Every structure is written in C-alpha cells, then in structure tokens.
Number of protein chains: 4
Amino acid sequence: MKTKDRILDIARSMISEIGYHGTTTAALAKRAGISEGTIYRHFENKEAILLQILQELDDKYSEFLQTLRSARDGDHGTIERILHGHVRFASDNLADLKIVLSSYALLSPSKQSMTSVIERMHEFFTECMTRSMNMGVIREVDVDPTAKTLVALLLGVMQLKVYWPDMDSDFDPEAVQFVRRSLVPNL
Amino acid sequence: MKTKDRILDIARSMISEIGYHGTTTAALAKRAGISEGTIYRHFENKEAILLQILQELDDKYSEFLQTLRSARDGDHGTIERILHGHVRFASDNLADLKIVLSSYALLSPSKQSMTSVIERMHEFFTECMTRSMNMGVIREVDVDPTAKTLVALLLGVMQLKVYWPDMDSDFDPEAVQFVRRSLVPNL
Amino acid sequence: MKTKDRILDIARSMISEIGYHGTTTAALAKRAGISEGTIYRHFENKEAILLQILQELDDKYSEFLQTLRSARDGDHGTIERILHGHVRFASDNLADLKIVLSSYALLSPSKQSMTSVIERMHEFFTECMTRSMNMGVIREVDVDPTAKTLVALLLGVMQLKVYWPDMDSDFDPEAVQFVRRSLVPNL
Amino acid sequence: MKTKDRILDIARSMISEIGYHGTTTAALAKRAGISEGTIYRHFENKEAILLQILQELDDKYSEFLQTLRSARDGDHGTIERILHGHVRFASDNLADLKIVLSSYALLSPSKQSMTSVIERMHEFFTECMTRSMNMGVIREVDVDPTAKTLVALLLGVMQLKVYWPDMDSDFDPEAVQFVRRSLVPNL
DNA sequence: TATGAATGAGAATTCATTCAT
DNA sequence: TATGAATGAATTCTCATTCAT
C-alpha cells in the first residue's frame, strides 16, 4: 500500500477510536511505521487528513445514493430497500461515521461534511416519498417533516450502531418494520 | 452565584460551543472572572468539571423519568406524553446534550454517562410499551427492538435539534404522529 | 529584575550576537533561567520580543532627537553636536543597532522600525541644515540630497562600529572633521 | 544554463529577497525546476551556496578594484572616478550586496567576506589618498581615519540604495560633491 | 547526474496543573 | 479561599539532508 493510503488508514482507525484531538501525529507516525515528517510530505497539516477522510465518506455516500436512485422503481419494495440500504451503508462505514459523529460539533470541515450528508439524505427521502405517495404505495403524509423524521431515525440508528454495538443483531429489521407500519397503508 | 456554580455555568456554555478540548482552563477562568488557580480549588482537574456537568444531566434525566413514571396512566395519551416529554427534555437541556453528543466518543466518563441514559431510556420504553400492549392501546410488536427503534428515533431527533437547529419548528409533532401511526392500531 | 525584563535583556544580547533566527526560545529560556513556557506568559510570540526591543530603540531615538532639538542653537557648534551625538547614540545602543541592521531586511517589523528611524533622521538633518544655512554658518548646498548623504555616512559609521569594532578609537572625530570641511565655509 | 548556475541564480534572487533562513531548499529546488536532491549534487550543503555567491562577489570586487587601479592617474578626476565607480558597482550588484548586508551578522562566511571587502576598500582608499595628497590634489588630512570615513560613507550609501530604493535619483552626485568639498582644496 | 520519498532533529507554541504568597 | 506566575511535557510543524533507484 502507498504511504499516503497507510496514513489515511491508520488515521481513520485512530480518530474513530480516540478522536481527532487524541490522535497525535507522533502516535500516528509510529503506528504507521513512518517518521512524523513523512506525514507532512503527504498532507499539508493534520486537519487535511481529517478532511480527506470526510471527503471520501462524502463521495461514498454520493455514489451510494446514485446506486439507490438508479435501482428505485416505486413498487412496494422501495422503502425497505432505501432503509436497508442506509442501515447497511452505515454498517459498512462505521469508522468513518464514528469520526463524523464525534467531531462534527467541533471541527468546521466535519460539520460541513455532516450537514451536506444530512441535506442530501433529506432531499432524497423527500423525493422518494413524493413519488411513492403519487403512486399510492404509502399513505398521504406531510412529506417534508416526515422525511426529517426518517433522517432522524437513521441518524439515531447510526449512533446506536456506533456507540452501542451490542444491540445490532435484531434491531435493523424491526426498525424497517416500524417505518413500514407508519407509512404503508393497510398493514 | 457561588464561584463553583459560575465555573460550571461558563464551562457548560463553552464546552457546548467549542468542545471539551477547545475549552482551555485559561479562557474559562478569564470568562468566569477568576484566576486559573481558583478552578483547582473547586475541581480536582479539568475532567472533573465535565464529569459534574454530565452527572447533573444524568440526575435531571432521572428526575424527568420519575415524573413521567408517576404521570403515566396507560391511556391513549401515554405515548404522546412520553415522546413529547422527551423532545421537550431535549429542548430544555440542549447545551448539556450537545456536550454529551460531541464528547462521548472521546472521553470515557462521557461515554458511560451516555450509555447510562440510553439504557434507562430503553428500559423505560420497554416498560411503557409492555404495559400499553397489555392494555391493548398499541399493536402487538416485538417490544425490545421496537423500544430500541424509539431510542434511536429520539437520539436522532436530538442530534438534528442540536446540529441543524433551523428545522425545529414543524418537526416534532410530525415525529410523534409518525410513531403513533406505527404503534397505535386503526389510525 | 522582573522576569519580562530579564527575557528582554537576554534576548537583546542573544539576537545581537547570533541573530533572530539563531536565537531559539529554548536557548533563550535556558540562559534566562526560566522555562520555555514562561516566555509565552510575557510575550505573545517570539516576534513580539523583537518588536518590543525595536520599539524601545525607536523610543530612545525619539527621546534623543528631542534632547538634540532642545539643545540646538544654530551657532558653529551645532553640526559637531549633532554628529557627535549620533555617533555616541550609536555607541550607547550598539546591541540594539546590531539587531536592526542585521534583521531589517528579513523581518517586516524590523524594516518598518529602521525606515522610521532613517526618515526621522533625514528630516532632522534637513531641518538643522536649513536653519544653519539661513544663519550662514554652513555653505549653500542642496539640502535634501546632502541630508541623505549625512544619513548614509552615519548609517555606515554605525555599520563599521557594529561589525568592525577594532577601528573605533580614532575614527569618530575625523568623521566629524570630514563633514565640517565639506559644510563649513573657509575652513 | 548549467544546473549549478541556475541554482546559484535562483538562490541569489531568493536570498536577497527573503533572506538566507527564509530560502528553503525545497522552495529553491521548486523554483529552479529541479529536485531537492539535485542541489546536493552540486553543493555540499546549503551554506556552500551562500559561500559561492559571496566568493563571486568578492571576485567581482577584486576585478573592479583592478580596473580602478589600472585607470588611476592621480589627476583631479581620480576621487570622482573612485566614488562614482563604487556607487556604480553597488548598483550593478544590488542583489549580492543585499545578501551580504543582511546576513553578515549571522553567518561567519558572510562576515568574513564582508570584512575582506571592507578591508580591501579601506586599503585602496588609503593608497589612493596618499598618492593624491603627495600630488597635492587633495588637502592634507589624516589618511587612515579619513579612508575609514569614506568606507563608512560608501557602506551607508549602499544600505540606503538597498533598503530605501526610492531615494536613488538625485543622491549619488551630491554624495560625490560632498566628498569633493571636504577633500579638494579651494573649492 | 538526477530523482523524490523519507528522515529526524529541533523549532515555536499550548495548556493543564502547581505552589508560594 | 483566591491569586497568578511559573512550569514542562506534549503537540504540530519545518527543513536540511540522505539514499535507493
């Protein structure tokens, strides 16, 4: 693996475990088996490492939404697919999510990144729900605040996944059922 | 106000705004109008300040649950009351929640505190839902994972409240409706 | 002596000997018998130390000019007094001058400080020469460029004093004579 | 141009603009369009680059003195020629002079180089003035200190040229006149 | 000759904590 | 209780120099 990628990899796991401030360049270099100066050949400063991690997550989410969009067909399965997809996306990117969730209050790049994800998520949900409502596969609800509710639910699910990892097992399918019961008529 | 309380107060607002690491003892002392040494008359170290803030939040939540418990009567209104109550509790303690949410990944006392709140919340929801189910006012659902789903939803709502304050207005009632539709039969 | 003054004192001698960049905060602290952190209780950063030294030199020069102005009487002695005064001022503030001369190309505060001194010196010479010419005690010369010549001469004298200290002894009086011969008629 | 010369050229302009310490090998390599390692193919270390620049200035000055010496004829024009020549030499080698003037307090090679130039200048002036005095074209003065005064004047003129470039225009001829008035009898 | 990634010693600066008054 | 000067370990970042290719 290229040195730059090794730095990113180690940084990802360290920041997700002990936070941005707890991750010192000295410790990062040591764990990556390189000298401290080498970090600065690959990144302008420590924040740039965080930035790149966040950017990559942003890109991965964009790509994920792209996939969902292209697969969406409006039939009964859509909502499940969207929710399951998001829950899965969260599982696949736990470390990155941990980083965003734990740092976005403190570091402006993190905040921007998180806000961008949230807004795109909200927009996507609004879009899907409008479609589904027009097709009659979900109840008539106030789209915007309901989309926000879904965003909140998914944010919370991620939080629990990240910080209470023991409860994973039986939780996701029920969350999806919970949403289905609320949105799909005649269940 | 006693010096100790002033320190706590300033610390609360500073930590919630700029985080635990961003809050230096020097700045804290300056804003509190005391000398740096004085902080250490009242707290063993910086972490002890955070600890006390978290403990107070913990206590406030215990008290809040107590109130909910004593008011609970199992009739149709219960779920709304619980949810509204929690949403309100979040609004009333925004600064503290911001502190927990932004620091619990990084500092073990914060993590413990958060875990304790989550567990009690989960336990409380389980309790309430079991009761309500026995009384027939909510559908038959798998209690444990559904309680987790509710915890997740509330966690997410808090997050949005804390970090996306613009969306507050129309959001809470719809979230409650969302849950009601999912849980209350024949709506 | 107060800690701040001790820092300034040691800094003055170190910077004049080994330059601004050569003077590390670590060495400065060691020689001042304090810890490195203490420096930053008294100065915002390293440059602030240099700034203060320069400011003090600036003030001393202002005061010096004030003295010269109040003592000036326009008789034959004036030119000698001004030149001798400046030469003496240079001797009395060798360390500071060494600092300005060696750093003013590189550090903007130093440059500003030096420019300010040069401009005031030039202005003062212009003033004195105009007076003296009106009184007929010096020849009719083009005042402005001649004042610049005097500034240059004094700058050069300082340089030699600073960097070729062995030649001091017999040099100053002759420099004054040199100027007298050029400016005073019928010598 | 050979790589080595390119390095020297870029180094000259960079050091004269931002100083020796400000000129990093990384920036130097970048501006020269070569890799950092290449610098060390041509120079043992960073100081060696400075050394060579100084040596070249030294050589240029030797050559310049040679020219002056061979052109000297002792008649009335000599003093003007020497002074004008030096002023011109300064103008022609501004960047190098800036380097010496700004670094000779800090780096021993620079100091040596400067001392050598000053001493040769002093020696040359002594020589010329002795000759001229014997021929009766200048007044009877104490040669050694007067030569030092001339050195000082020229040093100062260079300083002003280098650091107060706006005043150039009308200054040089007057400086020469200033010296003539002081040294040439019956003016 | 040339490269450029890697080095590591050292620089400035920060900050929680201590302690004599 | 309160002060505030002093501490010193830790942190981020720089940069001349090396060396395998």
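Residues numbered from 1 in each chain as written. Chains lettered and ligands numbered in written order. Predicted model: local features only at pLDDT ≥ 70, side-chain atom pairs only at ≥ 80, totals over all residues. Heavy atoms only, no water.

Looking up chain A in an unreviewed UniProt entry gives the name Transcriptional regulator, TetR family, with the organism given as Paucidesulfovibrio gracilis DSM 16080.

A. Quick look at the environment of A:Asp172. All names here are of chain A. Along the chain, Asp172 turns up in helix 9 (residues 171-183). Take Asp172: its relative accessible area is 15%, and that puts it in the buried class. The spacing of Asp172 and Met14 is 158 residues in sequence and 27 Å in space, taken between C-alpha atoms. Reaching out from Asp172, the side chain makes a polar contact with the side chain of Lys161 at a distance of 3.1 Å. (Helix = DSSP H or I, 4+ residues; strand = E, 2+ residues; numbered from the N terminus. Buried < 20%, exposed > 50% of the residue type's maximum accessible area, 1.4 Å probe, protein only. Polar contact = N/O pair within 3.5 Å; in protein donor to acceptor, adjacent residues only side chain to side chain.)

B. Region of interest: the packing of helix 4 (residues 46-71) of chain A against helix 6 (residues 94-103) of chain A. All names here are of chain A. Between helix 4 and helix 6, the least distance of the axes is 10 Å, while the angle of their chain directions is 120°. Read as a crossing pair, helix 4 and helix 6 show a hand that is left-handed. Contact with helix 4, carried on its side by Leu50, Ile53, Leu54, Leu57 and Lys60, involves Asp96, Leu97, Ile99 and Val100 of helix 6 and no other residues of that element. Each residue belonging to the contact of helix 4 with helix 6 can be placed in one class, and the counts come to 7 nonpolar, no polar and 2 charged. (Axes fitted to C-alpha atoms, helices over the stretch in contact; angles between N-to-C directions. Left-handed = near helix turned anticlockwise from the far one by under 90°. Contact = heavy atoms within 4.5 Å. Nonpolar A, V, L, I, M, F, W, Y, C, P; charged D, E, K, R; others polar.)

C. Looking closely at the protein's contact with DNA strand E. Taken together, 30 residues lie around DNA strand E, and A:Thr3, B:Thr25, C:Tyr40, D:Thr38 and D:His42 are the ones closest in. Of all DNA strand E atoms lying within 4 Å of any protein atom, the proportion belonging to sugar or phosphate reaches 56%. Within the side chain of A:His42, one N or O atom sits 2.8 Å away from a phosphate oxygen of DNA strand E. One of the side-chain nitrogen or oxygen atoms of C:Thr25 is found 2.8 Å away from a phosphate oxygen of DNA strand E. For the surface near DNA strand E, the secondary-structure elements that each account for two or more residues are helix 3 (36-42) of chain A, helix 3 (36-42) of chain B, helix 3 (36-42) of chain C together with helix 3 (36-42) of chain D. Residue composition of the surface near DNA strand E, grouped by class: 4 nonpolar, 20 polar and 6 charged. (Near = heavy atom within 4 Å.)

D. How the structure looks around the protein's contact with DNA strand F. The environment of DNA strand F is made up of 30 residues, and the closest members are B:Thr38, B:His42, C:Thr3, C:Thr38 and D:Thr25. Sugar and phosphate atoms form 56% of the subset of DNA strand F atoms that lie within 4 Å of the protein. A distance of 2.8 Å separates a phosphate oxygen of DNA strand F from a polar atom in the side chain of A:Lys46. One nitrogen or oxygen atom from the side chain of B:Arg41 is found 3.0 Å from a base nitrogen belonging to DNA strand F.

E. Layout of the environment of B:Val117. Residue and element names in this part refer to chain B. Inspection of the secondary structure assignment puts Val117 in helix 7 (residues 108-135). In the structure, Val117 is positioned 34 residues away from Val151 in sequence and 10 Å away in space, judged by C-alpha atoms. Beyond its immediate chain neighbours, meaning those up to four positions away, Val117 contacts Asp58 and Tyr61.

F. Structural context of the UniProt feature "DNA-binding region" (unreviewed entry) in chain A. What UniProt calls "DNA-binding region" (unreviewed entry) maps, in this numbering, to residues 24-43 of chain A. Here residues 24-43 of chain A runs as 75% helix and 0% strand, with 14 Å between its end C-alpha atoms. (UniProt positions renumbered as here; feature names shortened; annotations may be inferred.)

G. Layout of the relation of the copies chain B and chain A. Once chain B has been moved 0.1 Å along the axis and rotated by 179°, it coincides with chain A to within an RMSD of 0.2 Å. Look at the turn and shift together and you get a two-fold axis relating the two. The share of interface residues of chain B whose copies in chain A are also at the interface is 100%, consistent with both copies meeting through the same surface. (Least-squares fit on C-alpha atoms with pLDDT ≥ 70 in both.)

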